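Understanding the architecture of this molecule
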Amino acid sequence: MIIANGALLAGYAQVGDRAFISGNCLIHQFTRVGRLAMMSGGCAIQKDVPPFCITRSLSTNTVMGLNVVGLRRSGFNEGQRRELQQAFKILYRSNLNISQALEKLESEFTSELVRELCEFIRTSERGLCKFIK
């Protein structure tokens, strides 16, 4: 994990492997940041950031997409990245609630990465950051 200057993590916050927390980010207690997630500068979270996602700068509890550059640099191939993009669309852009999206993800995808994403969501106690374009 990489944590830049001025980032604040409250007690019991969990940060996944290879996550990147930019400068002046705020992470509320008991909040989780998933593996390979990237928090953009100045954002604040009180809800969980799913693995492989990017938060929106200078906003609260918002995700704006996948960390495609981080995935590429970590050695994930194009097929894996495309599958995560499809899973992201189902989760955030299909107008399904979280339980319906999880059911659809689990029935349509069998990859380890999507399973990791589903497991993270299923074990969330604080809820997930919402999607904003």
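Further up the page is the structure itself.
Since we're looking at a predicted model, the values are computed, not measured.

What counts as what
- Residues numbered from 1 in each chain as written.
- Predicted model: local features only at pLDDT ≥ 70, side-chain atom pairs only at ≥ 80, totals over all residues.
- Heavy atoms only, no water.
- Helix = DSSP H or I, 4+ residues; strand = E, 2+ residues; numbered from the N terminus.
- Rg over C-alpha atoms; globule rule 2.2 N^0.38 Å.
- Contact = heavy atoms within 4.5 Å.
- Lys, Arg positive; Asp, Glu negative; His and termini not counted.
- Charge placed at Lys NZ, Arg CZ, Asp CG, Glu CD.
- Axes fitted to C-alpha atoms, helices over the stretch in contact; angles between N-to-C directions.
- Parallel < 35°, antiparallel > 145°, perpendicular 65-115°, else oblique.
- Left-handed = near helix turned anticlockwise from the far one by under 90°.
- Nonpolar A, V, L, I, M, F, W, Y, C, P; charged D, E, K, R; others polar.
- Pairing = 2+ DSSP bridges.
- Phe/Tyr/Trp six-rings, centres within 6.5 Å; stacked < 30°, edge-to-face > 60°.
- Buried < 20%, exposed > 50% of the residue type's maximum accessible area, 1.4 Å probe, protein only.

**Examining the overall build of the chain**
When its secondary structure is counted, the chain shows four helices and 11 strands. On C-alpha atoms alone, the chain measures out to a radius of gyration of 14 Å, which is about the 14 Å that the 2.2 N^0.38 rule sets for 133 residues. In the chain, the proportion of contacts linking residues at least 24 apart, taken out of those at least 6 apart, comes to 31%. Placing the 17 positive and 11 negative side-chain charges of the chain at their respective mean positions leaves the two points 10 Å apart.

**Remarks on the packing of helix α3 (residues 98-108) against helix α4 (residues 112-122)**
Interhelical geometry of α3 versus α4 gives an angle of 155° and a closest axis separation of 10 Å. Comparing the axis directions of α3 and α4 gives the class roughly antiparallel. Considering how the two elements wind past one another, α3 and α4 form a crossing that is left-handed. Taking contact as the criterion, the partners of Ile-98, Leu-102, Leu-105 and Glu-106 in α3 are, on α4, Val-114, Cys-118, Ile-121 and Arg-122. Its residues assigned to classes, the contact of α3 with α4 shows six nonpolar, no polar and two charged.

**So, the sheet that holds strand β5 (residues 26-27)**
One open sheet accounts for three strands, arranged β2-β5-β8; its pairing is parallel. In this open sheet, the two edge strands, each paired with only one partner strand, are β2 (8-9) and β8 (44-45). As judged from the two bridges shared by β2 and β5, these two strands associate in the parallel manner. Its bridge partner lying in β5, Leu-9 is registered against Ile-27.

**Brief notes about the packing of helix α2 (residues 78-93) against α3**
One can describe the packing of α2 onto α3 by two numbers: an axis separation of 9 Å at closest approach and a directional angle of 155°. On the basis of the axis angle, α2 is roughly antiparallel to α3. Here α2 and α3 pass one another in a crossing that is right-handed. Touching Ala-87, Ile-90 and Leu-91 of α2 are Ile-98, Ala-101, Lys-104, Leu-105 and Glu-108, all from α3. Within the contact of α2 with α3, the residues separate by chemical class into six nonpolar, no polar and two charged.

**Quick notes on the packing of aromatic side chains**
If you walk through the whole model with that rule in mind, you get five aromatic pairs. Ring geometry for Phe-52 versus Phe-76: centroids 6.4 Å apart, planes at 75°, classification edge-to-face. Taken together, the residues Phe-52 in the loop between β8 and β9 (53-55) and Phe-76 in the loop between α1 (68-73) and α2 connect sequence positions 24 residues apart. Each member of the pair Phe-52 and Phe-76 is classed as buried. Geometrically, the ring pair formed by Phe-88 and Phe-131 is edge-to-face, given 5.6 Å between the ring centres and 75° between the ring planes. One end of the pair, Phe-88, is in helix α2; the other, Phe-131, is in strand β11 (residues 130-131), with 43 residues separating them in the sequence. Among the residues examined, Phe-88 registers a relative accessible area of 7% and is labelled buried. Within the aromatic cluster, the residues linked to one another by ring pairs are Phe-88, Tyr-92 and Phe-131.

Purely spatial values, then, with no claim about function.
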